[in-house]
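Fold and contact review
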Amino acid sequence: KTIFDSCFNEMPIVSAGGCIGGICGWAQQAVEFIRCYNKANIKGTNSVAGIIGYQYSGPHFRYCYNSGQIEGTSHVGGISGEGCTNLYTNRASASYACFNTGTIIGNSLVGGILGDGGNACHDMINYGLIVGTSNVGGCSGNIGYATVSL
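Procedures and definitions
- Residues numbered from 1 in each chain as written.
- Predicted model: local features only at pLDDT ≥ 70, side-chain atom pairs only at ≥ 80, totals over all residues.
- Heavy atoms only, no water.
- Phe/Tyr/Trp six-rings, centres within 6.5 Å; stacked < 30°, edge-to-face > 60°.
- Helix = DSSP H or I, 4+ residues; strand = E, 2+ residues; numbered from the N terminus.
- Buried < 20%, exposed > 50% of the residue type's maximum accessible area, 1.4 Å probe, protein only.
- Pairing = 2+ DSSP bridges.
- Core = buried A, V, L, I, M, F, W, Y, C linked by side-chain atoms within 4.5 Å.
- Contact = heavy atoms within 4.5 Å.
- Salt bridge = Lys/Arg side-chain N within 4 Å of Asp/Glu carboxyl O.

1. As for the packing of aromatic side chains
- Under the defined criterion, the tally for this structure stands at six aromatic pairs.
- Measuring from centroid to centroid gives 4.9 Å for F4 and F33, while their planes differ by 10°, and the two rings are stacked. Taken together, the positions of F4 in strand β1 (residues 2-5) and F33 in strand β6 (residues 31-34) put the pair 29 residues apart, joining distant regions of the chain.
- Taken together, a centroid distance of 5.4 Å and an interplanar angle of 10° make the contact between F33 and F61 stacked. Here F61 lies in strand β11 (residues 60-62) and F33 lies in strand β6, a separation of 28 residues in the sequence. Accessibility classification places F33 together with F61 in one group, the buried group.
- Through successive ring pairs, a cluster of aromatic residues spans F8, Y37, Y65 and F99.

2. So, the pairing of strand β14 (residues 74-77)
- Bridge count between strand β9 (residues 46-49) and β14: three bridges; the pairing is parallel. Note that in β14 the partner of A49 across the bridge is G77.
- Relative to strand β19 (residues 108-111), β14 runs parallel, the two being bridged by three bridges. Following the sheet pairing, V76 is matched in β19 by V110.

3. What to know about the environment of G128
- Position of G128 relative to the elements: it lies in the loop between β22 (125-126) and β23 (130-131).
- C-alpha of G128 to C-alpha of S67: the two residues are 61 residues apart in sequence and 8.2 Å apart in space.

4. Brief notes about the nonpolar core
- By size, the foremost hydrophobic cluster in this structure holds 16 residues, and its most contacted members are F33, C36, I51, I52, F61, C64 and I79.
- Not counting residues within four places of it along the chain, the set of residues in contact with F61 comprises F33, I51, I52, I79, S80, A94, S95, Y96 and C98.
- I20, I104, V110 and I130 belong to the second-largest nonpolar core, a separate cluster that totals eight residues.

5. Regarding the environment of G81
- When you line up the elements, G81 lands in strand β15 (residues 80-83).
- Along the backbone, G81 and G21 are 60 residues apart, and their C-alpha atoms lie at a distance of 8.2 Å.
- Not counting residues within four places of it along the chain, the set of residues in contact with G81 comprises S47, V48, A49, I52, G53, H75, V76, G115 and D116.

6. Considerations on the pattern of salt bridges
- Enumeration according to the criterion identifies three salt bridges in this entry.
- Between R35 and D5 there is a salt bridge, with its nearest N and O atoms 2.9 Å apart. Placement of R35 in the loop between β6 and β7 (37-38) and of D5 in strand β1 is noted, with a sequence separation of 30 residues between them.
- With a relative accessible area of 43%, R35 lands in the partly exposed category.
- When its relative accessible area of 36% is taken as the criterion, D5 is described as partly exposed.
- R62 serves as the salt-bridge partner of E32, at 2.7 Å between the closest nitrogen and oxygen. Pair noted here: E32 is in strand β6 and R62 is in strand β11, with a separation of 30 residues, a long-range link.
- A residue is classified by how much of its surface remains accessible, and E32, at 7% relative accessible area, is buried.
- Exposure remark for R62: the relative accessible area of 31% places this residue in the partly exposed category.
- Several salt bridges converge on common partners, so that one network encompasses K1, E32 and R62.

This is the structure in structure tokens:
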């Protein structure tokens with residue numbers, strides 16, 4: 001498993017493509033983000049977020065935050081754009097004590113913390129403006145078989 005601990009981004013990122021993140025764009029294997037943050041504006045197409053754009057194998061987030069404006073077309077989130085449960089390892093994604101204060105803009109699957117994905121979400125708070133057309137939520141645009149608590 002790869003661990004990002006106390007990593008941050010404070011420079012704008014603009015891309016004509018997808019899988020764009022302030023800390024990591026795309027990860028195939030298990031990854032954990034601890035005390036990471038993004039303060040910059042980020043713009044891309046699909047799977048765009050303040051911490052990681054796309055993660056295949058159940059990302060874990062603890063004490064992460066975003067304060068930048070995040071903009072994309074789909075799978076757009078303050079912390080994670082798109083995170084999946086790995087069907088082969090059954091590693092589920094989880095978010096603990098994360099928050100967003102930035103504006104999140106997209107068309108579909110748009111959320112203050114998660115654009116799409118997540119299985120266990122605890123103590124997540126969104127203070128930012130969320131703008132979208134379909135599957136739009138303060139904390140998550142879409143979430144599957146999940147436990148959500150404050």
